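Structural description and commentary
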Amino acid sequence: MSVTLKMGRRLMLEPDFRLFLKFAYNFGYKGMRSVQKFKQRLKKGISFPPFLYLSIINSCQLRCQGCWVDVSAKRQMIELEDLNRIVKDARQHGNSFFGILGGEPFMHPQLLEFLAQHPDCYFQIFTNGQLITPAVAKELRRLGNSTLLISIEGSEIVSNERRGGNDVLNKTMEGLRNAIAERLIVGVATSVCQTNYELVSEDWLRKLIDMGVLYAWFHTYRVVGPDPSAHLALTPEQIVSLRRFVVAMRRKLPIGIVDAYWDDKGEALCPMATGISHHIGPSGAIEPCPIIQFANETIHDEKTLYQLITESDFLDDFRKTAASATRGCIVLERPDLVKELVQRHSAPDTTQRGTALAELEALTPRHSQHLPGQEVPEDHWLYRFAKKHWFFGFGAYT
Ligand code: SF4
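Report on the accompanying structure. Only a predicted model underlies this, so the values are computations on that prediction, with no experimental measurement involved. Per chain, the residues get numbers from 1 upward, laid out in the order the sequence is written. With pLDDT at 70 or above as the cut-off, local features in this predicted model cover only qualifying residues; side-chain atom pairs require 80 or more to be listed or tallied, and sums for whole chains, interfaces and linings still use all residues. The side-chain values count all of the structure's non-hydrogen atoms but skip hydrogen atoms and water molecules.

Brief notes about the overall build of the protein chain
We apply this condition: Counting from the N terminus, the helices are DSSP H or I runs at least four residues long and the strands are E runs at least two residues long. For a compact globule the rule gives 2.2 Å times the number of residues to the power 0.38, and the radius of gyration it is set against comes from C-alpha atoms. Contacts are assigned to residue pairs that have any heavy atoms within 4.5 Å of one another. Accessible surface is estimated by sampling points in the Shrake-Rupley manner with a 1.4 Å probe; for residues, cover comes only from the protein chains shown. Under the convention used here, Asp and Glu are negative, Lys and Arg are positive, and both His and the chain ends fall outside the count. Every charge is mapped to an atom, namely NZ of Lys, CZ of Arg, CG of Asp or CD of Glu.
In terms of helices and strands, the protein chain carries 16 helices and nine strands. Its C-alpha atoms give the protein chain a radius of gyration of 20 Å, within 12% of the compact-globule value 21 Å for 398 residues. C-alpha atoms of the protein chain, sized along the principal axes, occupy 55 × 45 × 45 Å. Look at the contacts in the protein chain between residues 6 or more apart in sequence, and 74% of them connect residues 24 or more apart. For the protein chain, the accessible surface area stands at approximately 16,100 Å², while carbon and sulfur atoms represent 56% of it. Charge-centre separation for the protein chain: the mean point of 47 positive side chains lies 7 Å from the mean point of 44 negative side chains.

Have a look at this one:
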């Protein structure tokens, strides 16, 4: 049986079948339709992202290296009423998928109530898994409209070091087991860096498959935030070998592998620069992407979300400047340009710590996912087809 059929069989048989149907329709079909609408808008010169990422709260019980969120500051969160307004507005323009981030999203007291109010949408929750109790997992199953992307950053020792906590891996694995026991759709994400590169292995993926995990996401470590830990960054050679590994494993193993940085030809892209996604921070600030903590618009302004994003000179200039500078990450490669953009638009720092500009000034330009001449094209027909139609440059890099 081909790996694609094995993957299809896992997706249909391992999670609760009702959850598979919600995933296929609310995310698969309606997600594809939202990208089609995005493309139609672009033809009219209007950029409103089909995928919005919401950092619903800053609080978190961990203290990860490279985290850009004010996790130890006073709690700041997007209230339920505002969350509902964001979804309602975006849905009017065809959106159905939302990424839910933090801090730790399960520290938001109204998260489950929020999910319950949008049964026709689909939510990917980026979580450290430590607050996924059997009761929470049961409720997520009842609601059926979310997938958990649980972050695992290495062995027990590395997890404690990377995440600034104790017994981190065991607590996360307990949450993961509770989720699998309720037959939820679960993925595992890793921010690949120097201390956990061993997770870039077939062995690790086979372990995930045995645990009942349906997809993986290997992020490349971002050198940002108040504790950027630049020594953890991957070398260009490691980024290329990670890319090769992902492409090879997609053909070999019945587990989905997500990436957000390469198109079907293996050419790099930045989701922010293409306009396919933007971010709303815990203060309600509408930011180009999660690690760019500057904004001129917030959800509390007297306009609809659609107006705020489509009429934003700051976001428009950010997309265009980033796309003309690189196909990679403007924050890593050209922090000087990010500073220029922020000053050109007098965009306020959206953090509570108020040091985002100083952090930017302290960054040394470095490589990112854009490594010209080392493109690794997709090798699996399904990923090639999906990226060719729904995840590419969208004309940003012409
Ligand atoms: S600017 Fe960098 S971190 Fe932000 S979306 Fe683009 S590539 Fe990703």
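Structural notes on the site of the ligand
As a reminder, the rule being used: Nearness of a residue to a molecule or strand requires only that one of the residue's heavy atoms be within 4 Å of it. All amino acids are sorted into three groups, where Ala, Val, Leu, Ile, Met, Phe, Trp, Tyr, Cys and Pro are nonpolar, Asp, Glu, Lys and Arg are charged, and the leftover types, Gly among them, are polar.
As a matter of local geometry, the ligand sits amid Arg222, Tyr261, Cys270, Pro271, Met272, Cys289, Ile291, Cys329 and Gln369. A per-class count over the shell around the ligand returns seven nonpolar, one polar and one charged.

Points about the packing of aromatic side chains
Threshold: Each pair of aromatic rings taken from Phe, Tyr and Trp, with Trp reduced to its six-membered ring, is defined by centres within 6.5 Å and is described as stacked if the planes are under 30 degrees apart, edge-to-face if over 60, and tilted in the remaining cases. Only protein chains enter the area calculation, which uses a 1.4 Å probe; residues under 20% of their type maximum are buried, those over 50% are exposed, and those in between are partly exposed.
By the definition in use, this model includes 19 aromatic pairs. A centroid spacing of 5.0 Å and a plane angle of 75° characterise the contact between Phe38 and Phe394, whose relative ring orientation is edge-to-face. Taken together, the residues span a long stretch of sequence, with Phe38 in helix H2 (residues 17–43) and Phe394 in the segment after helix H16 (381–390) at a distance of 356 residues. Given the relative accessible area of 11%, Phe394 is considered buried. With 5.0 Å between their ring centres and 50° between their planes, Phe48 and Tyr306 make a pair best called tilted. Here the residue Phe48 occupies a position in the loop between H2 and strand E1 (51–55), and Tyr306 occupies one in helix H11 (residues 305–310), the gap between them amounting to 258 residues. When its relative accessible area of 0% is taken as the criterion, Phe48 is described as buried. Accessibility expressed as a relative area gives 19% for Tyr306, which makes it buried. An aromatic cluster is present here, built from Phe23, Phe27, Phe51, Tyr53, Phe97, Tyr122, Phe126 and Trp217 joined pairwise through their rings.

Points about helix H7 (residues 168–181)
Definition in use: Multiplying 1.5 Å by the residue count of a helix minus one yields the expected span of that helix.
Taking 1.5 Å of rise per residue, 14 residues should cover 20 Å, and H7 covers 20 Å from first to last C-alpha, within 8% of that figure. Considering only its buried residues, H7 is in contact with helix H5 (134–143), strand E4 (146–151), helix H6 (156–163), strand E5 (186–192) and helix H8 (202–211). The first or second residue beyond H7 is Arg183, which carries a positive phi of 55°.

A look at the sheet that holds strand E6 (residues 215–220)
Put simply, the rule reads: If DSSP finds at least two bridges between two strands, the strands pair.
The strand order across the open sheet built from nine strands is E7-E6-E5-E4-E3-E2-E1-E8-E9, with neighbouring strands paired in mixed fashion. Since the sheet does not close on itself, it has two edges, and those belong to strand E7 (256–258) and strand E9 (286–287), each with one partner. Note: strand E2 (residues 97–101) against strand E3 (residues 122–127), four bridges, orientation parallel. Counterpart to Gly99 in the pairing with E3 is Gln124.

With respect to the layout of surface pockets
Basically, it comes down to this: A pocket here means an open set of points on a 1 Å grid, computed over the protein atoms alone, that has protein on both sides within 12 Å along at least five of seven lines. A cavity is instead a set of points where a 1.4 Å probe fits but cannot get out; residues with an atom within 4 Å of a point line either one. Grid points are joined across faces, edges and corners, and a volume is the space filled by probe spheres set on the points.
Taken as a whole, the second largest pocket spans an internal volume of roughly 300 Å³. Lining of the second largest pocket is provided by 14 residues; of these, Leu42, Ser47, Asp316, Arg319 and Lys320 occupy positions nearest its centre. Counting only elements with at least two residues in the lining of the second largest pocket, the list comes to helix H10 (271–274) and helix H12 (313–325). Examining the composition of the lining of the second largest pocket, we find that four residues originate from one element, H12, more than from any other. Tallied by class, residues from the lining of the second largest pocket come to six nonpolar, five polar and three charged.

Topic: the pattern of salt bridges
Operational definition: In the sections that follow, a salt bridge refers to a side-chain nitrogen of Lys or Arg positioned within 4 Å of a carboxyl oxygen of Asp or Glu.
Per the counting criterion, the structure on display carries 30 salt bridges. Measuring nitrogen to oxygen at the nearest pair gives 3.9 Å for the salt bridge that ties Asp16 to Arg18. On the accessibility criterion, Asp16 (12% relative accessible area) is buried. In this structure Arg18 comes out as partly exposed when scored by relative accessible area, which is 37%. Connected through salt bridges with shared partners, the residues Asp16, Arg18, Lys138, Arg141 and Glu182 form a single ionic network.

Some thoughts on the packing of H8 against helix H9 (residues 236–252)
For clarity, the cut-off: Where helices are involved, their axes are fitted lines through C-alpha atoms of the stretch in contact, as for all axes, and angles between N-to-C directions lie from 0 to 180°. Roughly parallel means an angle under 35 degrees; roughly antiparallel, over 145; roughly perpendicular, 65 to 115; everything else is oblique. Should the near helix be turned anticlockwise from the far one by less than a right angle, the crossing is termed left-handed; should it be turned clockwise, right-handed.
Put simply, H8 and H9 touch, their axes get as near as 11 Å, and they point 45° apart. Relative to H9, the element H8 lies oblique. The way H8 lies across H9 gives a crossing that is right-handed. On H9, the residues touching Glu202, Leu205 and Arg206 of H8 are Phe245, Met249 and Lys252. Grouping the constituent residues of the contact of H8 with H9 by class yields three nonpolar, no polar and three charged.

Observations regarding the pairing of E3
To be explicit about the condition: Seen with its strands pointing away from the viewer, a crossover is right-handed if its path from the first strand over the helix to the second goes clockwise.
Of all six residues making up E3, six are buried, and the element is well covered by its neighbours. Residues Tyr122, Gln124 and Phe126 line one face of E3 and the alternating positions Phe123, Ile125 and Thr127 line the opposite face, and both faces are buried. Handedness of the crossover joining E2 and E3 through helix H4 (residues 111–116): right-handed. In this structure, E3 lies alongside E4, joined through five bridges in parallel fashion. Along E4, the bridge assignment pairs Ile125 with Leu148. Handedness of the E3-H5-E4 crossover: right-handed.

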